[in-house]
Amino acid sequence: MSLFDLDQEDAKARHRKLTKDIERHDELYHGQDNPEISDADYDALRRALIELEDQYPDLQSAQSPTNKVGAKPARGFSKVTHKVPMLSLSNVFNEDEVNEFFERIRRFLNLSKDEPIDIIAEPKIDGLSCAVIYKNGEMVQAATRGDGQVGEDITDNVKTISDIPQKIKGDVPETLEVRGEIYMSREAFLALNSSLEAQGKQPFANPRNAAAGSVRQLNSEITKSRNLSFFGYALGQVSSEPWETQEDVRAALRSWGFPQAEPSALCKNVSDIMENFEALETIRPDLDYEIDGIVYKVNRRDWRERLGFVSRAPRWATAHKFPAEKAVTIINDIEIQVGRTGALTPVARLEPITVGGVVVSNATLHNFDEIERKDIRVTDHVTIQRAGDVIPQVVNVIMDKRQKEAQKMNVPTHCPICKSPAERPEGEVVIRCTGGMNCSAQAVERLKHFVSKNAFDIDGMGQKVIEQFWQEGMIKTPVDIFTLEAQDQKSLTPLRNKEGWGTLSAKNLFAAIDAKRVVPFNRFIYALGIRQVGEATAKRLASVYGDLSTLKTAMARALDPNSEQLTDLLNIDDIGPVVAHDIIVFFNDQRNLDIIEGLEEQLTIEPYTAPNLGDSQFAGKTLVFTGSLEKMTRAEAKAKAEALGAKVSGSVSKKTDHVIVGADAGSKAKKAHELGVNILTEDQWLEMI
Ligand code: IVH
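Definitions and limits used
Residues numbered from 1 in each chain as written. Predicted model: local features only at pLDDT ≥ 70, side-chain atom pairs only at ≥ 80, totals over all residues. Heavy atoms only, no water. Helix = DSSP H or I, 4+ residues; strand = E, 2+ residues; numbered from the N terminus. Polar contact = N/O pair within 3.5 Å; in protein donor to acceptor, adjacent residues only side chain to side chain. Contact = heavy atoms within 4.5 Å. Phe/Tyr/Trp six-rings, centres within 6.5 Å; stacked < 30°, edge-to-face > 60°. Buried < 20%, exposed > 50% of the residue type's maximum accessible area, 1.4 Å probe, protein only. Lys NZ or Arg CZ within 6 Å of the ring centre and 35° of its normal. Pairing = 2+ DSSP bridges. Salt bridge = Lys/Arg side-chain N within 4 Å of Asp/Glu carboxyl O. Axes fitted to C-alpha atoms, helices over the stretch in contact; angles between N-to-C directions. Right-handed = clockwise from strand over helix to strand, strands pointing away. Expected span 1.5 Å × (residues − 1). Near = heavy atom within 4 Å. Patch = residues over 30% accessible without salt bridge, like charges linked within 9 Å, V, L, I, M, F, W, Y side chains within 5 Å. Areas by Shrake-Rupley, 256 points an atom, 1.4 Å probe, with all protein chains shown as cover. Lys, Arg positive; Asp, Glu negative; His and termini not counted. Charge placed at Lys NZ, Arg CZ, Asp CG, Glu CD.

1. Some remarks on the side chain of Arg432
Alright, step 1. Looking at the secondary structure, you find Arg432 in strand β20 (residues 432–433).
Alright, step 2. One polar contact links Arg432 to Thr341, side chain to side chain, over a distance of 3.0 Å.
Alright, step 3. Other than its neighbours up to four places away in sequence, Arg432 contacts Thr341, Gly342, Ala343, Pro421, Ala422, Glu423 and Arg531.

In structure tokens, the structure reads:
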């Protein structure tokens, strides 16, 4: 039925329903900071309402969400690209892992066993990180972390937080970016919740959600009334760096008027660290803010620079998390979810329970071995735990409370969705559906992955839309997304006439799809959804192979176990035999190749361009290190070379540009001689960089 066929009564009913839905999602989003649907799906609801009112002007009123001030700009904060990415932190959970953190640093920097490594320990505040930029001491912009690369502009709201100075006096760099955590004190949180409850409104689950909800208000008056606080903990982009240690940074931040997370400590070894950890654990309930652990940062700046980072976390810092919070509840059911790669994952549906301030109703059971090992059955009482943002887990079954009739769960022999046989590949714990692209669950999950944020990121094409299009047979493979408009023009039931859509929303969707017809090679690889190929691996593949046809040819040849192409693939960082196998299988499966070919007809896939790394003579070159280096460790040398845009390989071939030889170099140096590859000593290489 199209909008045009709705009679007045139907239109009224639909208007009521849309209004109610939008108001509910507004409350979930703005009031509780706990949205249930994506922004794109929310926008689609609003668009449907606007179109309905255009069609039936009688339905327009001041009360409609389309007319309400405050709700009108929908979810509008403009985007801000961070000049220096906002990284996340790796975690450690016990003394052994703390020790390993120290040892890794020691190995990387080649420090002797008894050289102290000064670490600054600071409480890890449970709030949301924020970057505030000052020009000549004047606040010009404040942004959320977002995905670490791009955040949201929240300047007006941040200006209402009294802990964050709007003007800094004294000796400040021309450009200064202060990073820290916006949080809500326990006192402010309790006061806010009792006032919300008095107004009959839903209270916040915890101070973190309350802080996040308050910062993302479109009306800064509301933010102001929420009594937020701030701790400064780091510098981002700065025009001059008058500091040598984290202690200097803290002193500078303090002198500019930023409160610091306390109590902090200077620790020199694992026992200092553990002593401080226990002390903080004891006073944790007495602090006026919630902390979920302690952050350890290498004090010396020169060491930090050498240590650099892996993927998205620095090597020079880590977070020591407090043990997870636990609770006991009942398993009402165990469902099996089918993932993008066919993995069958059991999920426990729980009697809802509050753990650490958050209501939990699902827990992952990981795999069927885990169910067997812990002997988990439906109707069991179980202990569950939740640590940070991690999905809650079932720790153990309370056996005393087991019911006599409780049945052991059968390991599935077939996919619950497509009924294809399920199999367990040798050496793996996962059971997989063998239906491949014939399994609708896998196909839909792959499509959802394809359009997701870090892949094609198509505006207005959320999970719900994919499901709807799949059910209606409009999209079966990623190629169909890009031929959707052409198909739609020929269709007897075009999108604009479908439930929840209209002329404008259909037009917007086609425009959003068109906007993504040019795609960087690494995103394209990631979007394909190859098993075990996440963003980091996709980027590495893109940087090594450069473009799609090179990658395809290499993967076809890599099928031969003696090929140079297989050796090259295995030489890529983080790609071991298992991942390599999955990549090769993917690119030798005709069904995948057909989809790729279909996509190539629709898209412009931009070859990978190395990030601009200045004019380093090593950018784009392939280096091999051999023998023992004296001035830096192998790991550091490799990280350094990669930071200059070079690729580091484990074996010498015709394609190697330079071999750097340390003491006692053996066969690789010899091979370099034979092939006429340029050879550098460690000192020559250091001089060149
Ligand atoms: S330093 C390279 N110090 O923890 C990252 N972070 O899981 C430098 N956080 O996004 C961060 N308290 O929002 C640092 N004292 C503290 C912190 C802290 C909380 C948050 C921060 C970061 C997250 C990482």
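2. Things to note about the packing of aromatic side chains
Alright, step 1. This model, assessed by the stated rule, comprises 14 aromatic pairs.
Alright, step 2. For the pair Phe469 and Trp501, a centre-to-centre distance of 5.7 Å together with 40° between the ring planes defines the contact as tilted. With Phe469 in helix α13 (residues 463–471) and Trp501 in the loop between α15 (484–490) and α16 (503–514), the pair connects residues that are 32 residues apart, well separated along the chain.
Alright, step 3. Looking at Trp501, the relative accessible area reads 5%, which means it is buried.
Alright, step 4. Aromatic ring contacts, followed pair by pair, group Tyr134, Phe230 and Phe258 into a single cluster.
Alright, step 5. The aromatic ring of Trp243 is capped on one face by Arg301, whose charged end is 5.3 Å from the ring centroid.
Alright, step 6. The aromatic ring of Trp316 is capped on one face by Arg304, whose charged end is 4.2 Å from the ring centroid.

3. Let's talk about the pairing of strand β4 (residues 128–135)
Alright, step 1. For β4, the tally of buried residues reaches seven of eight residues, placing the bulk of the element in the interior.
Alright, step 2. In terms of strand pairing, β4 meets strand β7 (residues 175–183) through eight bridges, oriented antiparallel. Across the sheet, Ile133 pairs through a bridge with Glu177, a residue of β7.
Alright, step 3. Examined bridge by bridge, β4 and strand β5 (residues 138–144) share six bridges and lie antiparallel to one another. Residue pairing for β5: Lys135 is matched across the bridge by Glu138.
Alright, step 4. Between β4 and β5, which follow one another and run antiparallel, lie two residues, and Asn136 among them has a positive phi close to 45°.

4. Some remarks on unusual backbone geometry
Alright, step 1. Between Glu262 and Pro263 the backbone carries a cis peptide bond, its omega angle lying at 0°.
Alright, step 2. Of note, Pro263 is situated in the loop between α8 (246–255) and β9 (265–267).
Alright, step 3. Positive phi values are uncommon outside glycine, yet Lys419 reaches one of about 70°.
Alright, step 4. When you line up the elements, Lys419 lands in the loop between β18 (393–397) and β19 (422–423).

5. Observations regarding the pattern of salt bridges
Alright, step 1. This model, assessed by the stated rule, comprises 40 salt bridges.
Alright, step 2. Residue Glu122 pairs with Lys297 through a salt bridge whose shortest N-O separation is 3.0 Å. Here Lys297 lies in strand β10 (residues 291–298) and Glu122 lies in strand β3 (residues 119–125), a separation of 175 residues in the sequence.
Alright, step 3. Here the salt bridges do not stand alone but share partners, grouping Glu372, Asp375, Arg377, Asp380, Arg402 and Lys408 into one network.

6. Remarks on the sheet that holds β3
Alright, step 1. If you walk across this open sheet you meet the five strands as β2-β13-β10-β3-β9, and the pairing is mixed. Each edge of the open sheet carries a strand with a single partner, namely β2 (91–92) and β9.
Alright, step 2. In this sheet, β9 lies alongside β3 in antiparallel orientation, the contact comprising three bridges. Within β9, the position partnered with Ala121 by the bridge is Ala265.
Alright, step 3. Here helix α9 (residues 270–283) sits on the sheet and contacts β3, β9, β10 and β13 (317–321); the angle it forms with β10, its principal contact strand, is near 155°.

7. Overview of the pairing of strand β23 (residues 622–626)
Side chains on a regular strand alternate between the two faces of the sheet.
Alright, step 1. Of all five residues making up β23, five are buried, and the element is well covered by its neighbours.
Alright, step 2. With burial as the criterion, each face of β23 is covered, one bearing Thr622, Val624 and Thr626 and the other bearing Leu623 and Phe625.
Alright, step 3. As judged from the three bridges shared by β23 and strand β24 (residues 647–649), these two strands associate in the parallel manner. Residue pairing in the sheet places Leu623 in a bridge with Val648 of β24.
Alright, step 4. What joins β23 to β24 is helix α23 (residues 634–643), and the crossover it makes is right-handed.

8. Some remarks on helix α3 (residues 95–109)
Alright, step 1. With 15 residues, α3 extends 21 Å from end C-alpha to end C-alpha; this agrees with the ideal 21 Å at 1.5 Å per step.
Alright, step 2. Val98, Phe101, Phe102, Ile105, Arg106, Phe108 and Leu109 are the residues of α3 that are buried.
Alright, step 3. Where α3 begins, one side-chain oxygen reaches toward the backbone nitrogen of Asp96, 3.2 Å away; that side chain belongs to Asn94.
Alright, step 4. In the stretch just after α3, Asn110 is the one whose phi turns positive, near 55°.

9. Digging into the site of the ligand
Alright, step 1. Taken together, 13 residues lie around the ligand, and Glu122, Ile125, Glu181, Tyr233 and Lys297 are the ones closest in.
Alright, step 2. Between the ligand and Glu181, the relevant distance is 2.6 Å, taken from an oxygen atom to a side-chain nitrogen or oxygen of the residue.
Alright, step 3. Lys297 is positioned such that a nitrogen or oxygen atom in its side chain is 3.1 Å from a nitrogen atom of the ligand.
Alright, step 4. Of all the elements in the fold, those that place two or more residues in the shell around the ligand are β3 and β10.

10. Details of a negative patch on the surface
Alright, step 1. Residues Glu95, Asp96, Glu97, Glu275, Glu278 and Glu281 make up a contiguous surface patch of negative charge.
Alright, step 2. If you list the elements that add at least two residues to the negative patch, you get α3 and α9.
Alright, step 3. Inspection of the secondary structure assignment puts Asp96 in helix α3.
Alright, step 4. On the basis of relative accessible area, Asp96 is assigned to the exposed category, the value being 64%.

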